[in-house]
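Reading the structure
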Amino acid sequence: MTDLIARRIRQDVQSMHAYAIQDSRGLIKLDAMENPHTLPPELRRQLGERLAELALNRYPGDRVNDLRRALAAHAGMPDGFDIMLGNGSDELISLLAMACDVPGASILAPLPGFVMYGMSAQLQGLKFIGVDLTPDFELDERAMLAAIEQHRPSVVYLAYPNNPTANLWDDAVIERIVTAAPGLVVIDEAYQPFAGRSYIDRVAKHPHVLLMRTMSKFGLAGVRIGYMMGPRQLIAEVDKVRPPYNISVLNCEAALFALAHQDEFARQAEDIRRQRQVIQAVLAAMPQVKAWPSDANMILVRVPDAAKAFDGMKSRGVLVKNVSKMHPLLANCLRLTVGTAGENERMLAALQASL
Ligand code: PMP
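Residues numbered from 1 in each chain as written. Predicted model: local features only at pLDDT ≥ 70, side-chain atom pairs only at ≥ 80, totals over all residues.

Let's talk about the site of the ligand
Taken together, 13 residues lie near the ligand, and Gly 88, Asp 90, Asn 163, Thr 214 and Ser 216 sit nearest. Per-class residue counts for the shell around the ligand are five nonpolar, six polar and two charged. (Near = placed C-beta within 6 Å. Nonpolar A, V, L, I, M, F, W, Y, C, P; charged D, E, K, R; others polar.)

Here is the structure:
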């Protein structure tokens, strides 16, 4: 077997680590920016009835187009744009790398940032250019513009807000980066339900900008629906690399159901934003913890010893994410997902006891 792997599996894949999903059984799960709320029982019953009626013997069909239309309306997609769906935005990120011009093409993103941008590049044999943020986690405009000039990347990703730093970027800096980029720019608005601003009103000004969103943080992380909007002709090209039936009948129907009840999800997002403030107020009173402002459903904190705090919190039943090894700028940092009021109280008590 080792011989077979050595001869037939790509060398760079052999040296990769699989995307790590932490075991969360029995723990309060605050590690992956999931919405902590489920649907009220009556809506769950209705959803169950809808799903039970589906023809699972058939491939997904026109309902996927209904979902594309519903998401476009939900997002306020500009005229002349089209929308492409992915099995989570993770899949869209992979597909975009697949559609890039090779050889020699590159993908550029600020670091620390979402790991899939680099991973998608590597898996497609593209170069990944990571540009460090400033120590206070702002875009380093000069370094970004210099790297864009030097590498002429096929795609620049700007997560807005960013993961794991949870902040939005200065709009004027974004504009200058967008203007300088010779290839595509993707504004990844995965955390849009918790942010005060969106790029949606500006996206149509630039024919090379795509806007990516997901239903995951909205409240459907388990359903796996991501979407990307952009000029019709451009989306038509990228859409050619999409596997034909990437949105399952079950995912599609659950997403349509959720959009028909989007007021409920909007209330949940409002609660999460309120809870974020409550957590920030408690963190501000912990002298050993530095917490950064957040425009997302996560809060980045620096503690004296992240490994100790992470283990201590876990032993007290709370799972967060230790991001300190991700990047030198994140030394001793933990990423806390905002949960329900009760979960957050337990999380904060566990953090305080584990410092
Ligand atoms: N973009 C960003 C910035 C993210 O943080 C994440 C998930 N953590 C994603 C995209 C992917 O989301 P999904 O595949 O669930 O749509």
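Continuing now.
Quick look at the domain arrangement of the chain
Parsing the chain into structural domains produces domain 1 (2–40 + 263–354) and domain 2 (56–261). Here the C-alpha centre of domain 2 lies 23 Å away from the C-alpha centre of domain 1. Every contact between the two is made by 27 residues of domain 1 and, on the other side, 24 residues of domain 2. Of all elements in the fold, only helix 12 (262–284) and strand 10 (298–302) reach the threshold of two or more residues within the side of domain 1 that touches domain 2. Element by element, the count of residues in the side of domain 1 that touches domain 2 is highest for helix 12, at seven residues. The residue inventory of the side of domain 1 that touches domain 2, partitioned by class, reads 14 nonpolar, six polar and seven charged. (Domains from an automatic or database assignment. Contact = placed C-beta atoms within 7 Å. Helix = DSSP H or I, 4+ residues; strand = E, 2+ residues; numbered from the N terminus.)

Focus: the UniProt feature "modified residue: N6-(pyridoxal phosphate)lysine" (unreviewed entry) in the chain
Sites flagged by UniProt as "modified residue: N6-(pyridoxal phosphate)lysine" (unreviewed entry) map to Lys 217. Mapping Lys 217 onto the fold places it in helix 9 (residues 216–220). Filtering out sequence-adjacent residues up to four positions away, Lys 217 remains in contact with Met 33, Asn 35, Ala 190, Tyr 191, Pro 193 and Asn 297. (UniProt positions renumbered as here; feature names shortened; annotations may be inferred.)

Examining the sheet that holds strand 4 (residues 127–132)
The strand order across the open sheet built from seven strands is 2-8-7-6-5-3-4, with neighbouring strands paired in mixed fashion. With one partner strand each, in any of the chains shown, strand 2 (81–86) and strand 4 form the two edges of the open sheet. Between one strand axis and the next, the sheet turns through 25 degrees on average, direction left out of account. Direction of pairing for strand 2 relative to strand 8 (residues 226–231): antiparallel, over a ladder of six bridges. When the sheet's bridge partners are listed, Phe 81 is paired in strand 8 with Pro 231. (Pairing = 2+ DSSP bridges. Axes fitted to C-alpha atoms, helices over the stretch in contact; angles between N-to-C directions.)

Examining the packing of helix 13 (residues 306–315) against helix 14 (residues 341–354)
Where helix 13 contacts helix 14, the two axes come as close as 8 Å, and the packing angle between them is 130 degrees. In terms of orientation, helix 13 and helix 14 fall into the oblique class. The interaxial crossing formed by helix 13 with helix 14 has right-handed handedness. Across the interface between the two elements, Lys 308, Ala 309, Gly 312 and Met 313 from helix 13 touch Ala 350, Leu 351, Ala 353 and Ser 354 from helix 14. (Parallel < 35°, antiparallel > 145°, perpendicular 65-115°, else oblique. Left-handed = near helix turned anticlockwise from the far one by under 90°.)

A short note on the sheet that holds strand 12 (residues 321–322)
In space, the four strands of this open sheet follow the order 9-10-13-12, with antiparallel pairing throughout. If you trace the sheet from one side to the other, it starts and ends with strand 9 (290–291) and strand 12, each paired once. The sheet contact formed by strand 10 and strand 13 (residues 333–337) spans five bridges and is antiparallel. Within strand 13, the position partnered with Arg 302 by the bridge is Cys 333. Of the strands in this sheet, strand 12 and strand 13 touch helix 13, which is tilted by about 35 degrees from strand 13.

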